[in-house]
Each structure stands twice: as structure tokens, then as C-alpha cells.
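Chains, contacts and geometry: an overview
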Amino acid sequence: MLFSRNPMLSSHLFFTIKRTFRTKTSRRLCIASSLITSPDSFEVGRLIGSYGFMNITSYSAGGMDFEYSGGQLKIQDVGEGSVKIRLYEGRIAQGALRGTPVVLKVYPGQRAGGIEADKMAANELNAHALLQSSSQGTCQNLLMLVGGFETKTGEQWLAFRDGGKYSAADYAKVTSEKNSKSIAIKESSWNRFDQEQTIKRRRYFVIKLLQGAITGLAYMHDHDRLHQSLGPSSVVLNTIAEREAPYLVPRLRDLAFSVDIRISNLEDGLWSFSEGLWRRAIAAGASTPMEKQAFGIADDIYEAGLLLAYLAFVPFCEAGIVDTLSLQRLLENTFRLDLEAMREYCLADDRLEEAVKFLDLGDRAGWQLLQAMLNPDFRKRPIAEAVLNHRFMIGTAV
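Rules and cut-offs
- Residues numbered from 1 in each chain as written.
- Predicted model: local features only at pLDDT ≥ 70, side-chain atom pairs only at ≥ 80, totals over all residues.
- Heavy atoms only, no water.
- Pairing = 2+ DSSP bridges.
- Helix = DSSP H or I, 4+ residues; strand = E, 2+ residues; numbered from the N terminus.
- Axes fitted to C-alpha atoms, helices over the stretch in contact; angles between N-to-C directions.
- Salt bridge = Lys/Arg side-chain N within 4 Å of Asp/Glu carboxyl O.
- Buried < 20%, exposed > 50% of the residue type's maximum accessible area, 1.4 Å probe, protein only.
- Phe/Tyr/Trp six-rings, centres within 6.5 Å; stacked < 30°, edge-to-face > 60°.
- Lys, Arg positive; Asp, Glu negative; His and termini not counted.
- Contact = heavy atoms within 4.5 Å.
- Parallel < 35°, antiparallel > 145°, perpendicular 65-115°, else oblique.
- Left-handed = near helix turned anticlockwise from the far one by under 90°.
- Core = buried A, V, L, I, M, F, W, Y, C linked by side-chain atoms within 4.5 Å.
- Domains from an automatic or database assignment.

Strand order in the open sheet formed by 5 strands is 1-4-5-7-6, and the pairing between neighbours is antiparallel. The sheet is open, and its two borders are formed by strand 1 (42-51) and strand 6 (145-150), each paired with just one other strand. Direction aside, the axes of adjacent strands within the sheet are offset by 25° on average. Where strand 6 lies against strand 7 (residues 156-161), 5 bridges are found, and the strand directions are antiparallel. Across the sheet, glutamate 150 pairs through a bridge with glutamine 156, a residue of strand 7.

Structure follows, in C-alpha cells:
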């Protein structure tokens, strides 16, 4: 056991949640309160790893360096944020769920991470409390929060059911490295049937991954919550073996920057971690609460479009050919979101052949969906349900 029992450890986190939840129903407050647990409720295992966040400190109107989501705001200063997250393996030590594997997410105390770390932890707990209190039941494509507590040193610990040790980024990295090894040892002499089967499995796996991620996003939007940090690292996978695709369950995580977009919240101006979002909304012509709500949903769809682009290219190319940043620059800066022009460019590069073939399935269904999700006009982007029902996503093209 890493900590001794102390019922006062969670008092600060509970106060933060009570203050944030003052406009929520008593049912949601009850759910949030039930998620506040004692350190003795968990056993902590080995350190899995750590990660941080980019911090955008200023914007200016105009410019194309990082034109994003129709708002045309140029990022001037991007630095490394002060909040460093640690992840540990663990398990529940008490109650009916005793022995259940969990992943413990640790936010630093104010001394190390400032007040921003406390706000992020509280916002993530609030988001899960809202989503897990739905009368419609929970969504299997969202990571499940089972508890949270604060230590004497001020660290905020959140415990999630273990939905897998891998992320979509891990899958893409491992797969691209396999591609490089295959080419390095000249495995082009393989049986052609085996090669075709490998590509078919890969296409099916990627579609299944995207279906799960967008299903989780649709659930969030249906419950008036934005994700706002959707990317390859924020999608947890229970397997990265392509032969196990029928059993793949993708789950969204990292809701620290999620935004409550209920109309009442937008009218009251209770904005947490969303000032930049609403600046871009106003720049794009969204000024009323309903217009801002629509902009926020479209903004998440744009991020989902970048995720689609990433998964359409990286797993189908050699390692190092393309990454998140270079792909985004290609889309936004070089081709200014003109996917037809980008397709012509990719056709001329043999290293991108399989990615182009994947998006070409179903009479270029992938390119069409990508163009819709990355439409410069946020009003013309599809909602998550429409993305799920697109012919590229329902698998008829695969």
C-alpha cells in the first residue's frame, strides 16, 4: 500500500467538484461524490510512464501557419505545459470490485503543477461523473472512472478501469515499424495472397478503431460534452494485434480539457479550459450560445478528421515517412484542406501507395469523408452520428 488511510485527504478535491457542479443536478453531484475515495481503496503497482501537454500561450488573427477549425487564428507561442502526468498500474483493494485492474493517473500538486493541475483533475472527474450518470447507461467506448483522491502532498489521483495498455499512437508506431522491417528484409517475395490478407486485416482494424473512437465522441456530444484533446494518444486499445480486430474495444480517455456545452452553461459564461475555443468560435462568426455549441461540436469533428488522416497514413507507411505534425502541416498549410489536391500529391509518392488505396476504397469514400470532416466551414462538417453512418465507416468499402 502506498498510502495510509486518511478521510481528510479528499476534502480539497471534493470542494473543487462541489463548486464546479453548482449548476448540475443533485444526481450528478451524488455520482461525483461517490467517486471520491480513499487511497486505501487501491493498491499501486509499477510506473507505466508519464506525459505532458503543449501549452498555447498566445494567438493572433490571420496567418496560415496553424489555421485551425475555420477560426483562422495563428498560434504564436507553443511551449511545454507545466503539468506532468504519471500513470501507474494498480488494482482495487476493497469492496465488491476488489482485485479489478486499474490505471492510476496522477496529477502533480500545486507546488509542482500549479493550480492548473488541480483544475484539470477536477474537470476530468466532473466530465466522467456527468457521462457515467446518464440514464441511458454508460458507453463502452469511454474509459470508466472508478475513483479519485488527493494525497497529503496535494497530488490528485484518478483511478480508471484498465481498458488496455496501448493507444492508437502505439498501434500506428508498431505497425509502421513492421512495414519498415518487411521492406528492409525484402519480404516483397512473400506469397501475394498473404500480403493481401495482411492489408485487409489492417484496413478492418483501422475502421474498427475509428468506429469505436467516433462512437465514444458521439456519446459525449449527445450528453453536451466536448472532448477537445482527441488524438492518437487519447484512444486506448485493449489489443494492437490485427488478427484480434473482432475483439477490439477502443476507449476515449484524457478528458481534462473537455468542455460542458449545455446552453445554460454557455449563457452563464462558466468556461473552463475553453477560452481559446470561444475566441476561435467568435472569429468564425459563432456568437450566440447555440452557434458556439455547434462550433464546439464541429471543432471536435475536425480533430476526429485529423485522427482519421493519421490512421489512414501512418499504419500503412514505413516508420518516419509521416507523423502527426507533418501530416497536419501538409493538410492545413500546403494544401489548405484541399483533399483532392493532396490526393494527387500522394499518388506521386510510392511510399504513400497503400494509404491512398485505403482512402480510395468505395470510389474514394475515405477522401470524401475526410474532406467533409475537415471542411473549412464548421457549419458544413458532419456530426458524429453522420460520420458513423458514412459508407467508409460502416465497412462496406473494406
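The next point concerns the pattern of salt bridges. Under the counting rule described, the total for this entry stands at 18 salt bridges. Of the charged contacts in the structure, one is a salt bridge between glutamate 124 and lysine 105, with a shortest N-O distance of 3.0 Å. Here lysine 105 lies in strand 5 (residues 101-107) and glutamate 124 lies in helix 3 (residues 110-132), a separation of 19 residues in the sequence. There is no split in this pair, since glutamate 124 and lysine 105 are both buried. Between arginine 364 and glutamate 340 there is a salt bridge, and its shortest N-O distance comes to 3.4 Å. Of the two residues, arginine 364 is situated in helix 11 (residues 353-373) and glutamate 340 in helix 10 (residues 339-347); the sequence distance between them amounts to 24 residues. Residue glutamate 340 is classed as partly exposed on the basis of its relative accessible area, which comes to 38%. Taken together, the shared-partner salt bridges in this structure form one network comprising Lys105, Glu124, Arg253 and Asp254.

The next point concerns the pairing of strand 6. Within strand 6, 6 of the 6 residues are buried, leaving the element largely enclosed by the surrounding structure. Two successive antiparallel strands, strand 6 and strand 7, enclose a turn made up of 5 residues, where glycine 154 displays a positive phi of approximately 90°.

Turning our attention to the packing of aromatic side chains. In this structure the tally under the stated criterion is 9 aromatic pairs. For the pair phenylalanine 42 and phenylalanine 149, a centre-to-centre distance of 6.0 Å together with 25° between the ring planes defines the contact as stacked. Separated by 107 residues along the polypeptide, phenylalanine 42 in strand 1 and phenylalanine 149 in strand 6 bring together distant segments of the chain. One exposure class covers both phenylalanine 42 and phenylalanine 149, and it is buried.

Among the secondary structure elements, aspartate 300 is positioned in helix 8 (residues 289-313). Although aspartate 300 is buried, it makes no salt bridge; arginine 280 carries the closest opposite charge, 8.2 Å away. Ignoring anything within four residues of it in the chain, the contact list for aspartate 300 reads Leu217, His221, Leu226, His227, Gln228 and Leu230.

Right, let's talk about the packing of helix 10 against helix 11 for a bit. Following both chains from N to C, one finds helix 10 and helix 11 inclined at 150°, their axes separated by 10 Å at the closest point. Put simply, helix 10 runs roughly antiparallel to helix 11. For the element pair helix 10 and helix 11, the recorded crossing hand is right-handed. In this structure, helix 10 contributes Leu339, Glu340, Arg343, Cys346 and Leu347 to the contact, and helix 11 contributes Val356, Asp360, Arg364, Trp367, Leu370 and Gln371.

Another aspect to go through is the nonpolar core. Core analysis: the largest hydrophobic core is formed by 67 residues, its most contacted members being Leu209, Val235, Phe313, Leu331 and Met342. Both of domain 1 (39-58 + 80-161) and domain 2 (166-394) provide at least three residues apiece to this core. By size, the runner-up hydrophobic cluster in this structure holds 15 residues, among which are Val83, Ile85, Leu87 and Ala117.

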